[in-house]
Amino acid sequence: MSRANLDKQPRDVASMFDGVAKRYDLTNTILSGGMDHVWRRRARSLLAPRPGERILDLAAGTAVSTVELAKSGAWCVAADFSLGMLHAGAGRDVPKVAGDAMKLPFADASFDAATISFGLRNVQDTAAGLREMARVVKPGGRLAVVEFSTPVFPPFRALYMNYLMRALPKIATSVSSNPDAYVYLAESIRDWPDQQALLEMVESSGWERCSVTNLTGGIAAIHLARRPA
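Thresholds applied
Residues numbered from 1 in each chain as written. Predicted model: local features only at pLDDT ≥ 70, side-chain atom pairs only at ≥ 80, totals over all residues. Heavy atoms only, no water. Buried < 20%, exposed > 50% of the residue type's maximum accessible area, 1.4 Å probe, protein only. Helix = DSSP H or I, 4+ residues; strand = E, 2+ residues; numbered from the N terminus. Pairing = 2+ DSSP bridges. Phe/Tyr/Trp six-rings, centres within 6.5 Å; stacked < 30°, edge-to-face > 60°. Lys NZ or Arg CZ within 6 Å of the ring centre and 35° of its normal. UniProt positions renumbered as here; feature names shortened; annotations may be inferred. Contact = heavy atoms within 4.5 Å. Lys, Arg positive; Asp, Glu negative; His and termini not counted. Salt bridge = Lys/Arg side-chain N within 4 Å of Asp/Glu carboxyl O. Polar contact = N/O pair within 3.5 Å; in protein donor to acceptor, adjacent residues only side chain to side chain. Core = buried A, V, L, I, M, F, W, Y, C linked by side-chain atoms within 4.5 Å.

For strand S7 (residues 220-226), the tally of buried residues reaches six of seven residues, placing the bulk of the element in the interior. In the sheet, strand S5 (residues 137-148) pairs with S7 via seven bridges, with the strands oriented antiparallel. Residue Glu147 lies in a different strand from S7, and its bridge partner there is Ala221. Note: strand S6 (residues 208-215) against S7, six bridges, orientation antiparallel. Among the inter-strand pairings, Val212 is bridged to a residue of S7, identified as His223.

Now for the packing of aromatic side chains. Enumeration according to the criterion identifies five aromatic pairs in this entry. Relative to Phe111, the ring of Phe106 lies with its centre 5.1 Å away and its plane at 90°, an arrangement referred to as edge-to-face. Across the pair, exposure class does not vary: Phe106 and Phe111 are buried alike. Counting every residue linked through ring pairs, the aromatic cluster contains Trp39, Phe118 and Phe148. Stacked on the ring of Phe111, the Lys or Arg Arg54 has its end atom at 5.7 Å from the ring centre.

The UniProt record marks Thr62, Asp80, Asp100, Ala101 and Ser117 with the feature "binding site: S-adenosyl-L-methionine" (unreviewed entry), using the residue numbering of this structure. Residue position: Asp100 is located in the loop between strand S3 (96-98) and strand S4 (111-117). Contacts of Asp100, omitting those with residues within four sequence positions, involve Pro10 and Phe81. Apart from the residues within four sequence positions on either side, Ser117 is in contact with Leu58, Ala59 and Val146.

Another point: the side chain of Asp57. With respect to the helices and strands, the residue Asp57 is situated in strand S1 (residues 54-58). Although buried, Asp57 forms no salt bridge, and the nearest oppositely charged side chain, Arg40, lies 8.5 Å from it. Within the local environment of Asp57, its side chain forms a polar contact with the side chain of Ser65, the two groups lying 2.6 Å apart.

Looking at soluble globular proteins, one finds that nonpolar side chains tend to be buried together. Phe17, Trp39, Ile55, Phe148 and Tyr182 are the most contacted members of the largest nonpolar core, which totals 33 residues. The greatest single-element share of this core, amounting to six residues, is contributed by helix H8 (residues 179-191). Beyond its immediate stretch of four places on either side in the chain, Trp39 contacts Ser32, Phe118, Phe148, Leu215, Thr216, Ile219 and Ala220. Residues Leu58, Leu120, Val123 and Leu143 belong to the second largest nonpolar core, which totals 26 residues.

Right under this line is the structure:
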């Protein structure tokens, strides 16, 4: 399977990510102009994990984001349903677990916080994934969803959408092992809810007190929320 479709069948999505795993981190850094590093640091700062806490990093891929979170001193586990991605990050010294976001292999209230970076968009049932994260997070625990979003300045939004559909797949052709996967990436970003719509989805899926922090003019956004105590 070279790419997934917007019906996001889990087997197709996992297979697609298996195929891009080897050069995934490099491709993301090039396509984001290096902003992926900045966004990860910002997410850690806002989630504010503390030493002794247990943090679930869902859709962690090669565990780059998990390593960033672990700099806090918290115990952080990387979970992903792409074995290829987890294997590509085997050299990163954090625990790794294979697991589907819609049916997590963890007990209720296992974690102090959960985060998912650029992965919620790939879950077939977004609300189910949000409910599962609420299930495994303790009452009063925290959530951080980092995801591509909608630029807030209309002229920039138009330029960005043109980049997504035209330039991004062309750039991916020169650096990715599977450029077709980045056609799916562009399509899935264009199809994704804007900041307010996602906030409402988070709050209707077992979370409360949701807030939004825009990144780079709304190219991406961080949604923070709490599980009701």
